[in-house]
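Listed here are the chains, written in short residue letters.
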Amino acid sequence: MDQILNFLSGGFLHLTWWQVALVTLVITHITIIGVTVFLHRSQAHRGLDLHPAVMHFFRFWLWLTTGMVTKEWVAIHRKHHAKVEREGDPHSPVVFGLGKVFFRGAELYRLEANNPETLKRFGHGTPDDWMERNVYTKHSLLGVLIMLGIDLALFGVLGLTVWAVQMAWIPFWAAGVVNGVGHAFGYRNFASPDTSTNVSPWGIIIGGEELHNNHHAYGTSAKFSTKWYEFDLGWAYIKVLSALGLATVKKRAPKLKLEPANQAADVNASTLQGVITHRYEILARYGDIVRHAVSEELAKLKHTQETESNSNWLSLKRCRIWLSRSEEVLEPEQLAEVDSVLAQNQSLSTLVQMRRDLARVWESSSASSEQLLADLQAWCQRAQQSGNESLEQFAYRLRRYAA
């Protein structure tokens, strides 16, 4: 009896509570790396190739610690990018609300995993060997039950807590924080046509997934950090695997290239390609101009005592965030209020219209390269003749972009 009680109290290892906590953090961290490096960057977006041994280790580990099926995860994530912030997005806070995605993200995942059309359309190219068909997919719950037995054997009754943490780790951090908070709070380096944000510039806890806006701007890039002050731990592991010959990086976000100021007189084919390649960075810079103009207009209206001006100030204040966002993610009532504000302010209306015209340069799918180049040249000319100093400087910088 004493031996049984002794085993239940500490399992085979008999670790202290802080040692158990440390082991749990290591175990869950390996799971995070499996999700971000294998499932996300390698399988879903093909940003890198992994050695078969590394790939199978992650498949086995994720089977044990999460029960997730590779094809299901990949298909759901690809659909998220294809339908982002629109009807059909499996886990968008814009569609479902932040609360539901944060607290019930795992449930949304399970519902979409049962959609055969999603798996057929978006799940192509994932592992389909004997182990995948007969073990990992067919018996997806078996792995987590084996993990429960392992935890109980190693840690005793405390192993049940370790197992519960393991089971909640990915649903909380991936389904909740990344899919929820990563589309609601944080900063944006790129004005991608969605609400994605960088939750933190230091991607450590979730292996780099914190840099969610960077990822949405360049979805196939194996590296998520883009600024000098950002850190992507997942990329650090990829570099180690690459040095060992266990990974091959296929795609990275393009580096911004600007021609010297004295060589940027004309808009040419290289300029056009540079503008198209870095369109989300360009729109983010343009958003800064809009925000600055809105702040100046609010300051003017705030010192005006007329009732009508106060009303205009309140309307503009409500719209200040919407004015710098992509129109694709705004609700109809938000768009209506934006249009009402712009109708009362010619300078802001001009800025917003110029942004729409610039976006057409890369949104057009039928225009020839010659037509797109002519459109970009005409846009820069209009901007430089607008009388708006910020817009003139923006157009001058735009001429410096290169492929």
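The shown structure was predicted, so the numbers you read here are calculated from the model rather than taken from an experiment.

1. A closer look at the overall build of the chain
Inference 1: Of regular secondary structure, the chain possesses 19 helices and four strands.
Inference 2: In the chain, which comprises 403 residues, the proportion classed as buried is 47%.
Inference 3: Pairs at least 24 residues apart make up 68% of the contacts formed inside the chain by residues separated by at least 6 positions.
Inference 4: Computed over 40 positive and 38 negative side-chain charges, the separation of the two mean positions in the chain equals 4 Å.

2. Looking at the packing of aromatic side chains
Inference 1: Evaluated as defined, the whole model comprises 14 aromatic pairs.
Inference 2: Between Trp379 and Phe394 the ring centres are 6.1 Å apart and the planes differ by 70°, which places this aromatic pair in the edge-to-face class. Note that Trp379 is positioned in helix α18 (residues 369-384) and Phe394 in helix α19 (residues 389-398), a separation of 15 residues in sequence. Phe394 carries the same exposure label as Trp379, and that label is buried.
Inference 3: Through pairs of rings, three or more aromatic residues link up here, namely Phe102, Phe103, Trp169, Phe172 and Trp173.
Inference 4: In this structure, Arg279 packs its charged tip against the face of Tyr280, placed 4.9 Å from the ring centre.

3. A look at the nonpolar core
Inference 1: With 42 residues, the main nonpolar core has Leu323, Trp379 and Leu398 as its most contacted residues.
Inference 2: Counting residues per element, the ones that place at least two in this core are α13 (269-277), α14 (279-302), α15 (307-323), α16 (332-343), α17 (346-363), α18 and α19.
Inference 3: Looking at this core element by element, the count peaks at ten residues for α14.
Inference 4: Residues contacting Leu398, with those up to four places away along its chain left out, are Thr271, Val275, Ile282, Leu358, Leu376, Trp379 and Cys380.
Inference 5: If you look at the next biggest cluster of nonpolar residues, it comprises 31 residues, including Ala44, Leu48, Ile206 and Leu241.

4. Let's talk about helix α6 (residues 98-113)
Spacing of three or four residues puts side chains on the same side of an α-helix, whose turn is 3.6 residues.
Inference 1: The largest bend in α6 is about 85°, located at Arg104.
Inference 2: Among all positions in α6, only Val101, Gly105, Leu108, Tyr109, Glu112 and Ala113 are buried.
Inference 3: Buried residues in α6 make contact with α4 (70-82), α5 (93-96), α7 (116-122) and α10 (159-178).

5. A word on the side chain of Glu297
Inference 1: Mapped onto the elements, Glu297 comes out in helix α14.
Inference 2: Apart from residues no more than four positions distant in its own chain, Glu297 is found in contact with Leu316 and Asn345.

6. Details of the pattern of salt bridges
Inference 1: Applying the stated criterion across every chain yields a total of 14 salt bridges.
Inference 2: Glu107 is the partner of Arg104 in a salt bridge, and the nearest nitrogen-oxygen pair spans 2.9 Å. Of this pair, Arg104 and Glu107 both sit in helix α6, three residues apart, which is roughly one turn of the helix.
Inference 3: Glu107 gets classed as partly exposed once you look at its relative accessible area, which sits at 31%.
Inference 4: For Glu337, the salt bridge goes to Arg318, with nearest N and O atoms at 2.7 Å. Taken as a pair, Glu337 in helix α16 and Arg318 in helix α15 lie far apart in primary sequence, 19 residues in all.
Inference 5: What you see here is one network of salt bridges that share partners, running through Arg59, Asp129 and Glu132.

7. Quick word on the side chain of Thr28
Inference 1: Residue placement: Thr28 occurs in helix α2 (residues 17-44).
Inference 2: Relative accessible area serves as the criterion here: at 1%, Thr28 is assigned to the buried category.
Inference 3: At a separation of 3.0 Å, a polar atom in the side chain of Thr28 contacts the main-chain carbonyl oxygen of Leu25.
Inference 4: Aside from chain neighbours lying at most four places away, what touches Thr28 is Val165, Gln166 and Trp169.

8. Notes on the packing of α13 against α18
Relative orientation and spacing of two packed helices are given, respectively, by the angle between their axes and the distance between those axes.
Inference 1: Put simply, α13 and α18 touch, their axes get as near as 10 Å, and they point 85° apart. By the angle between their directions, the pair α13 and α18 is classed as roughly perpendicular. Where α13 abuts α18, its residues Ala269, Thr271, Leu272 and Val275 lie against Ser369, Leu372, Leu373 and Leu376.
Inference 2: Of the residues that constitute the contact of α13 with α18, the class distribution is six nonpolar, two polar and no charged.

9. Brief notes about the packing of helix α3 (residues 52-65) against helix α9 (residues 140-155)
Inference 1: Packing of α3 against α9 brings their axes to within 6 Å, and their N-to-C directions diverge by 75°. Here α9 runs roughly perpendicular to α3, going by the angle between their axes. Where α3 abuts α9, its residues Trp63, Leu64 and Thr65 lie against Ser140, Leu142, Gly143, Val144, Ile146 and Met147.
Inference 2: Its residues placed into classes, the contact of α3 with α9 shows six nonpolar, three polar and no charged.

10. Some words on a nonpolar patch on the surface
Inference 1: Together, Trp17, Trp18, Leu22 and Val26 give the surface a local cluster of nonpolar side chains, amounting to about 500 Å² of exposed area.
Inference 2: Among the structural elements, Val26 can be located in helix α2.

11. Overview of α13
Inference 1: Within the span of α13, buried status applies to Thr271, Leu272, Gly274 and Val275. Across the axial projection of α13, the buried residues extend over an arc of 165°, all falling on one side.
Inference 2: Buried residues along α13 sit in contact with α14, α17, α18 and α19.
Inference 3: The N-terminus of α13 is capped by Asn268, whose side-chain oxygen sits 3.1 Å from the backbone nitrogen of Ser270.

12. Examining unusual backbone geometry
Of all residues except glycine, most have a negative phi; of all peptide bonds, most are trans.
Inference 1: Notably, His14 is not glycine yet its phi reads approximately 50°, a positive angle.
Inference 2: Tracing the backbone through its elements, the reader meets His14 in the loop between α1 (2-10) and α2.
Inference 3: Here the phi dihedral of Glu85 falls at roughly 65°; this positive angle occurs in a residue that is not glycine.
Inference 4: Following the sequence through the fold, Glu85 ends up in the loop between α4 and α5.
Inference 5: Here Glu85 falls in the buried class, since its relative accessible area comes to 5%.

Definitions and cut-offs
The numbering scheme is per chain: residues are counted from 1 as the chain's sequence reads. Totals for whole chains, interfaces and linings use every residue, but because this is a predicted model, local features are given only for residues with pLDDT of at least 70 and side-chain atom pairs only at 80 or more, for both listing and counting. Only heavy atoms go into the side-chain values, all of them from the structure, while hydrogens and water stay out. Here a helix means four or more residues in a row that DSSP labels H or I, a strand means two or more in a row labelled E, and each is numbered from the N terminus. Residue burial is assigned from relative accessible area. The probe radius is 1.4 Å, only protein chains are included, and a residue is buried under 20% of its type maximum, exposed over 50%, and partly exposed in between. Contacts were defined at the residue level, with two residues in contact if any of their heavy atoms lie within 4.5 Å. In this tally Asp and Glu are treated as negative and Lys and Arg as positive; neither His nor the chain ends contributes. All charge positions are set by atom: Lys at NZ, Arg at CZ, Asp at CG, Glu at CD. Note on aromatic contacts: the rings of Phe and Tyr and the six-membered ring of Trp form a pair at centre separations within 6.5 Å, being stacked when their planes are under 30 degrees apart, edge-to-face when over 60 apart, and tilted otherwise. By the criterion adopted, a ring carries a charge over it if an Arg CZ or a Lys NZ lies within 6 Å of its centre and within 35 degrees of its normal. By convention a nonpolar core is built from buried Ala, Val, Leu, Ile, Met, Phe, Trp, Tyr and Cys residues, the set being connected through side-chain atoms within 4.5 Å. Bend is computed residue by residue as the angle between axes fitted to the seven residues ending at the residue and the seven residues starting at it. Put simply, a salt bridge is a Lys or Arg side-chain nitrogen that is within 4 Å of an Asp or Glu carboxyl oxygen. Think of a polar contact as two N or O atoms within 3.5 Å of one another; within protein, one of them needs to be a possible hydrogen donor and the other a possible acceptor, and neighboring residues in sequence only count if both atoms come from side chains. All axes here are fitted lines through C-alpha atoms, helices being fitted over the stretch that makes contact, and every angle between N-to-C directions spans 0 to 180 degrees. Oblique is the label for any angle not covered by the other classes, which are roughly parallel (under 35 degrees), roughly antiparallel (over 145) and roughly perpendicular (65 to 115). Residues are grouped as follows: nonpolar covers Ala, Val, Leu, Ile, Met, Phe, Trp, Tyr, Cys and Pro; charged covers Asp, Glu, Lys and Arg; every other residue, Gly included, is treated as polar. Note that patches include only residues with greater than 30% relative accessible area and no salt bridge, and the join distances are 9 Å for like charges and 5 Å for nonpolar side chains (Val, Leu, Ile, Met, Phe, Trp, Tyr). In short, Shrake-Rupley with a 1.4 Å probe defines the accessible areas, and a residue's cover is counted only from the protein chains shown. By definition, the arc is the one covered by directions from the helix axis to the C-beta atoms.

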